[in-house]
Amino acid sequence: MPAQPQPVAGDDLVVHVNGLTKRFGNTLAVDDVSLDVHRSELVVLLGLSGSGKSTLLRCLNGLHASTSGVVDVVGHRVDRASRSELRALRREVGFVFQHFNLVGRISCLENVLLGGLGRLKCARYGALTYPKRMRAEALEHLDRVGLADLAHRRADTLSGGQQQRVAIARTLMQRPTVLLADEPVASLDPENAGVVMDLLFQVCVEEKLTILCTLHQVDLALGWAHRIVGLRSGQKVLDRSTIGLTRDEVMEVYQRVDPDLTTPSTTAVRRR
Ligand SMILES: Nc1ncnc2c1ncn2[C@@H]1O[C@H](COP(=O)(O)OP(=O)(O)OP(=O)(O)O)[C@@H](O)[C@H]1O
């Protein structure tokens, strides 16, 4: 049996990273980064392409093995976890991808049910083969993301924004403690990007989920994140609450104050 997760220092500390370094051959992707993230906190990682955002996220759920440093997520020491410990960790850590990763030929409901597979002993084929209580739970999650009426539609007939909302419902079905989102709005138009960020913010606050999300849109980060972490060449160069943080201060992560550098959002509205 995998070891039971132990609380990390402080009850609501969910992610603790200390001196994390990740190299790919000669490339230093993440350079001595330390970061603590608490329960119900939405942290956005910003930085130029290649600054190490995705690599940092992937080190948090063991998709990339770290080169050195401590990575503690929900009490699991990811940096030295065995395969069975990584499996246990991944049940608690949901991942939302840029391209949604839904199974296109099956219904939205069945896609959401896939998020609960970790709780079952064997694979299921078809929504009706899942226990009734799980189908009810999956429908609740679809309702939560505003798509209950599309539960029985094939996933590949939905728009990009709708598919990302189904992907979020699937992750909620997993009942995670931490949600990692790698550019979840990069394939969406500004309006849908705002809808998805709003949803992530809601589940963060209402479900007390800890969310780390990479973005390229400074305005969305300022609008929805509790905190912004900026990376440059793998190093952490900014770590600030968004309260009182200005756009120009964030743009320093990119080493220039140039509004054309990032994709502007017409719908970003500061929520707090
Ligand atoms: N699997 C890999 N093998 C080799 N090098 C890699 C690998 N993954 C990432 N890198 C390198 O690590 C560095 C950081 O990449 P990463 O994808 O983390 O950046 P990023 O900030 O997420 O970029 P983007 O915003 O374009 O997604 C880059 O130089 C990249 O080429």
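Basis of the calculations
- Residues numbered from 1 in each chain as written.
- Predicted model: local features only at pLDDT ≥ 70, side-chain atom pairs only at ≥ 80, totals over all residues.
- Helix = DSSP H or I, 4+ residues; strand = E, 2+ residues; numbered from the N terminus.
- Buried ≥ 20, exposed ≤ 12 C-beta atoms within 10 Å, placed from the backbone.
- Contact = placed C-beta atoms within 7 Å.
- Pairing = 2+ DSSP bridges.
- Axes fitted to C-alpha atoms, helices over the stretch in contact; angles between N-to-C directions.
- Near = placed C-beta within 6 Å.
- Nonpolar A, V, L, I, M, F, W, Y, C, P; charged D, E, K, R; others polar.

## Observations concerning the overall build of the protein chain
Part 1 of the reasoning: Scanning the protein chain from terminus to terminus reveals eight helices and ten strands.
Part 2 of the reasoning: Residues counted as buried form 44% of the 272 residues belonging to the protein chain.
Part 3 of the reasoning: Put simply, 70% of the contacts in the protein chain that link residues at least 6 apart link residues at least 24 apart.

## Overview of the sheet that holds strand E9 (residues 227–232)
Part 1 of the reasoning: Spatially, E6-E7-E8-E3-E9-E10 is the arrangement adopted by the six strands of the open sheet, whose pairing is mixed. Edge strands, defined here as strands with exactly one partner in the open sheet, are strand E6 (93–96) and strand E10 (235–241). Each neighbouring strand pair of the sheet contributes to a mean axis angle of 15 degrees, computed without reference to strand direction.
Part 2 of the reasoning: The sheet contact formed by strand E3 (residues 42–46) and E9 spans four bridges and is parallel. Within the sheet, the bridge partner assigned to Leu 46 lies in E9 and is Gly 230.

## With respect to the site of the ligand
Part 1 of the reasoning: All residues in the neighbourhood of the ligand are listed as Phe 24, Thr 27, Ala 29, Gly 47, Ser 49, Gly 50, Ser 51, Gly 52, Lys 53, Ser 54 and Thr 55.
Part 2 of the reasoning: Listing elements by their share of the shell around the ligand, those giving two or more residues are strand E2 (27–38) and helix H1 (53–60).
Part 3 of the reasoning: Looking at the shell around the ligand, its residues break down into two nonpolar, eight polar and one charged.

## Section: the sheet that holds strand E4 (residues 68–73)
Part 1 of the reasoning: An order of E2-E1-E4-E5 is seen for the four strands of this open sheet, with the pairing classed as antiparallel. The two strands at the open ends of the sheet, each matched to only one other strand, are E2 and strand E5 (76–77).
Part 2 of the reasoning: Relative to E2, strand E1 (residues 13–24) is paired through eight bridges, and the arrangement is antiparallel. Of the residues in E2, the one forming a bridge with His 16 is Asp 36.
Part 3 of the reasoning: On the sheet, H1 packs against E1, E2 and E4 and is oriented at approximately 60 degrees with respect to E2.

As far as function goes, none of this settles anything; it's purely spatial.
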